[in-house]
There are 2 protein chains.
Amino acid sequence: MAHTHAPTELLCFTVHAADQAFAQVYRHALSEMGVTYPQFLVLGLLWQCDDRTVGELGQMLRLQSNTLTPLLKRLEAMGLLSRRRDPQDERTVRIRLTDAGRALADKAPDVMSCVSRAIGMTAEEQDTLTTLLRRLQDSLRASTTPAA
Amino acid sequence: MAHTHAPTELLCFTVHAADQAFAQVYRHALSEMGVTYPQFLVLGLLWQCDDRTVGELGQMLRLQSNTLTPLLKRLEAMGLLSRRRDPQDERTVRIRLTDAGRALADKAPDVMSCVSRAIGMTAEEQDTLTTLLRRLQDSLRASTTPAA
DNA sequence: AGCGATTAAATCGCGAGCGATATAAATATC
DNA sequence: GATATTTATATCGCTCGCGATTTAATCGCT
């Protein structure tokens, strides 16, 4: 039973642990804003380019409606965005920021600088890491999507 | 509003996406075994060293009893392990593999080689990645735990 | 010995993510 | 133009993870 590696030594575990650590940092940084880390990512996309469909958001975040719909409903309940079916194509739902949602963008820079400080790595190191992680992700996804 | 980076360009997002991709790979690889990715990690620790307390497992996996207890109960319900309070210290609960739990270790190598293939990176690249991720994790955790 | 403080698990309520399924609208086919 | 197919969201039930709280056992101090 040559288990040379403890599970905690595996690459998958270090990735997972780093992800959890990020979540923790964001939890603190976002507590004042009153949104969660995934919610903040959605808002970030909308700040860049408002009026998107659920599917467009999902494609960028790699989330489907089963995850996004409840999340968007929570943001809607907070009064940060509106969900309205597109009259041109009633299948799709268009997501638009409210004034309150747009106003929240002002607090984003503080959050980002707080996270930047927490990362504590040089730009080169971050780039190396990002590049490797994207390669890893592509490889992993290719293996689960044999559909050429 | 200088949002130079879309949220999906952020390091935190690439980490999260890689984590999700790993989860997907494990979901497929473990479907035959009938356990989830976090459950597999727990079993991996027990295969290495049986008879641990909930707290010991949690410390290694960075999980607390609020996450571990239900997970362990599910593994217990599957007949893979037993949970028994330690007579020496009735506060702690000792986790022991059953014969079925030990037997499952035979299938682990296949899972690991499947994941290894999916990673599709050289050993050096994996080491670089692991090292950087651990540095990242340490830095992130240090920032949320000001308690010196 | 007795009593407060600490420690270990468990419990509760929540958000996130996914597989599977359902529903409704648009498109394709005949 | 009616019907089958595809597409976009939504819904359901589950596991995981966390913050907060609870319960019970041990430890420490006098």
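Whatever comes next refers back to the structure up there.
What comes next concerns the included structure. As a convention, each chain's residues are numbered from 1 in the sequence order in which they are written. Here chains are named by letter from A upward and ligands by number from 1 upward, in the order in which they appear as written. Thresholds applied to this predicted model are a pLDDT of at least 70 for local features of residues and 80 or more for the giving and counting of side-chain atom pairs; totals over whole chains, interfaces and linings are not thresholded and use all residues. Heavy atoms from the whole structure form the basis of all side-chain values; hydrogens and water molecules are not counted.

**Thoughts on the overall build of chain A**
At step 1: For the purposes of this entry, the term helix denotes a DSSP run of H or I that reaches at least four residues, the term strand denotes a run of E that reaches at least two, and both are numbered from the N terminus. Scanning chain A from terminus to terminus reveals seven helices and three strands.
At step 2: Once the C-alpha set of chain A is aligned to its principal axes, its extents read approximately 60 × 40 × 30 Å.
At step 3: We call a residue buried when its accessible area falls under 20% of the maximum for its residue type, exposed when it is over 50%, and partly exposed in between, using a 1.4 Å probe and counting protein chains only. When each of the 148 residues of chain A is scored for burial, the buried share is 44%.
At step 4: Residue contacts are counted whenever heavy atoms from the two residues lie within 4.5 Å of one another. Considering only intrachain contacts with a sequence separation of at least 6, the fraction spanning at least 24 residues in chain A is 50%.
At step 5: Put simply, chain A shows about 7,800 Å² of open surface, and 50% of that area lies on carbon and sulfur atoms.
At step 6: Neither His nor the chain ends contribute to the count of charged residues, in which Lys and Arg are positive and Asp and Glu negative. Charge coordinates come from a single atom per side chain, which is NZ of Lys, CZ of Arg, CG of Asp or CD of Glu. Computed over 17 positive and 17 negative side-chain charges, the separation of the two mean positions in chain A equals 6 Å. Only the protein chains shown count as covering a residue, and every accessible area follows the Shrake-Rupley method with a 1.4 Å probe.

**Some details on the interface of chain B and chain A**
At step 1: Of the residues lining the interface, 56 residues belong to chain B; the matching set on chain A comes to 56 residues.
At step 2: Approximately 5,300 Å² of surface area, both sides summed, lies buried where chain B meets chain A, with 72% of it carried by carbon and sulfur atoms.
At step 3: Think of a salt bridge as a Lys or Arg side-chain nitrogen and an Asp or Glu carboxyl oxygen that are within 4 Å of each other. Along the contact surface separating chain B from chain A lie four salt bridges.
At step 4: Contacts described as polar in this section are N or O atom pairs within 3.5 Å, which, within protein, must combine one atom able to donate a hydrogen with one able to accept it, while residues neighboring in sequence count only if both atoms come from side chains. At the surface where chain B touches chain A, the tally comes to twelve residue pairs in polar contact (both at pLDDT 80 or more).
At step 5: Where the side of chain B that touches chain A is concerned, the elements lending two or more residues are helix 1 (11-30), helix 2 (37-48), helix 3 (54-61), helix 6 (108-119) and helix 7 (123-144) of chain B.
At step 6: Of the residues that constitute the side of chain B that touches chain A, the class distribution is 31 nonpolar, 18 polar and seven charged. Accessible area that two parts lose when put together, evaluated with a 1.4 Å probe and summed over both, is termed the buried area. In this classification, the charged set is Asp, Glu, Lys and Arg, the nonpolar set is Ala, Val, Leu, Ile, Met, Phe, Trp, Tyr, Cys and Pro, and all remaining amino acids, among them Gly, are polar.

**Observations concerning the protein's contact with DNA strand C**
At step 1: One heavy atom within 4 Å of a molecule or strand makes the whole residue count as near it. Around DNA strand C, the surrounding shell holds 29 residues, and the nearest of these are Thr 36 and Arg 74 of chain A together with Gln 20, Thr 69 and Lys 73 of chain B.
At step 2: For DNA strand C, a base nitrogen lies 2.6 Å from a polar atom in the side chain of Ser 65 of chain B.
At step 3: Note that a phosphate oxygen of DNA strand C is positioned 3.5 Å from one of the backbone N or O atoms of Val 93 of chain B.
At step 4: If you list the elements that add at least two residues to the surface near DNA strand C, you get helix 2 (37-48) and helix 4 (65-77) of chain A together with helix 1, helix 3, helix 4 (65-77) and strand 2 (81-85) of chain B.
At step 5: Looking at the surface near DNA strand C, its residues break down into five nonpolar, 14 polar and ten charged.

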